[in-house]
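Listed below are the residues making up each chain.
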Amino acid sequence: MAKSREINMNLPSADDLFTTQEERDHKNQEYVKNISIYEITDFPNHPFKVKMDDKMLETIESVRDHGVLVPALVREKPTGGYEMISGHRRKMASELAGLENIPCIVRNLSDDEAVIVMVDSNLQREEILPSEKAFAYKMKLDVMKRQGQRTDLTSSPLATKLKGKRSDELLGEEVGESKDQIRRYIRLTYLIPEILDMVDNKKIAMRPAVELSYLPKEEQEILYDTMESEDCTPSHAQAIKIRKFSAEGRLNEDVLLSIMSEEKPNQVEQWKIPKNRLKKYFPSGTTQQKMEETIIKALELYRKREKSRER
């Protein structure tokens with residue numbers, strides 16, 4: 001009786017049928033090409049801000065004089081065009097310098113790979129805002145958790161590293177932060193944009209900001225209005241108290257005002273003069289520091305004049 005033969009049918013994929021081997025090899029390799037800036041879209045939910053600051057002005061001038069010296073990194077989009085991975089500032093500088101094309105490294109990356117490369121390349125910058133770290137850490141940690149959970153990635157270097165370690169601990173080791181600090185940064189992503197801006201501008205410190213991140217959005221909005229109207233921000237102790245009242249369902253505008261009016265440790269008593277009462281005495285655009293210096297000088301002259309009258 002003849003033995004049955006096993007037939008191994010390796011059916012070609014759609015990619016094999018409709019592309020040449022040269023095209024498939026090209027797709028899997030990275031290459032450099034000049035690409036129109038209008039063909040490149042920003043990375044979805046890009047956590048790093050591209051601002052028109054002094055450094056951007058310097059970059060624009062450099063691009064205008066020398067062009068873009070370091071290529072940006074992009075990947076092809078399935079729908080056509082390209083997605084920026086690293087180089088958002090160079091793209092903006094090129095556009096403002098009047099250039100239409102920018103040199104780019106085109107690399108074939110999966111969604112998770114793109115997130116990791118985007119975050120890692122931007123974390124090399126000298127100055128990073130707390131909000132940028134917060135969303136960047138969250139994006140990368142989400143990827144690390146997904147890769148640690150997938151059984152088909154157990155042989156990957158990242159999945160191997162994750163064995164026996166929490167993903168936030170591993171991320172902390174990579175970026176030089178403790179796992180607790182990683183968690184604190186990620187808590188900032190729960191703040192409303194207005195309060196998060198105050199953290200970036202160093203008006204609210206990290207620890208009170210983390211406590212405030214546990215408030216529902218509606219209560220955060222009331223808190224922000226209170227901080228604006230009273231021109232004050234909560235200390236760590238006050239933020240803990242605010243969170244406690246919120247958890248008990250007893251937080252409202254009156255409670256917030258009461259907590260915020262409490263004297264902070266080592267607080268120096270301050271006199272406040274509404275700005276609208278001072279505007280007519282100073283040119284438009286005068287800074288608060290300049291106003292204070294002028295007022296102090298005026299008071300010193302006033303005191304000298306009064307003393308001379310008493311003699």
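Residues numbered from 1 in each chain as written. Predicted model: local features only at pLDDT ≥ 70, side-chain atom pairs only at ≥ 80, totals over all residues. Heavy atoms only, no water.

(A) Seen up close, the sheet that holds strand E2 (residues 40-41). If you walk across this open sheet you meet the five strands as E1-E5-E3-E4-E2, and the pairing is mixed. Edge positions in the sheet fall to strand E1 (31-36) and E2, since each of these pairs with one other strand and no more. Direction of pairing for strand E3 (residues 72-76) relative to strand E4 (residues 82-86): antiparallel, over a ladder of four bridges. The partner of Glu-76 across the bridge, within E4, is Tyr-82. (Pairing = 2+ DSSP bridges. Helix = DSSP H or I, 4+ residues; strand = E, 2+ residues; numbered from the N terminus.)

(B) Structural detail: the nonpolar core. In terms of nonpolar packing, the biggest core is built from 48 residues, with Leu-188, Leu-191, Ile-204, Leu-212, Leu-223 and Ile-242 touching the most fellow members. Apart from residues lying up to four places away in sequence, Leu-223 is in contact with Ile-195, Leu-212, Leu-215, Ile-242, Leu-256 and Met-260. Formed by 17 residues, the second largest nonpolar core is a distinct cluster that contains Ile-37, Met-84, Ala-97 and Cys-104. (Core = buried A, V, L, I, M, F, W, Y, C linked by side-chain atoms within 4.5 Å. Buried < 20%, exposed > 50% of the residue type's maximum accessible area, 1.4 Å probe, protein only. Contact = heavy atoms within 4.5 Å.)

(C) The arrangement of the side chain of Ser-86 in detail. Along the polypeptide, Ser-86 turns up in strand E4. Look at Ser-86 and you get buried, because its relative accessible area is 12%. Once you skip the residues sitting within four places of it in the chain, Ser-86 turns out to touch Ala-72, Leu-73 and Ser-121.

By themselves these figures say nothing about function.
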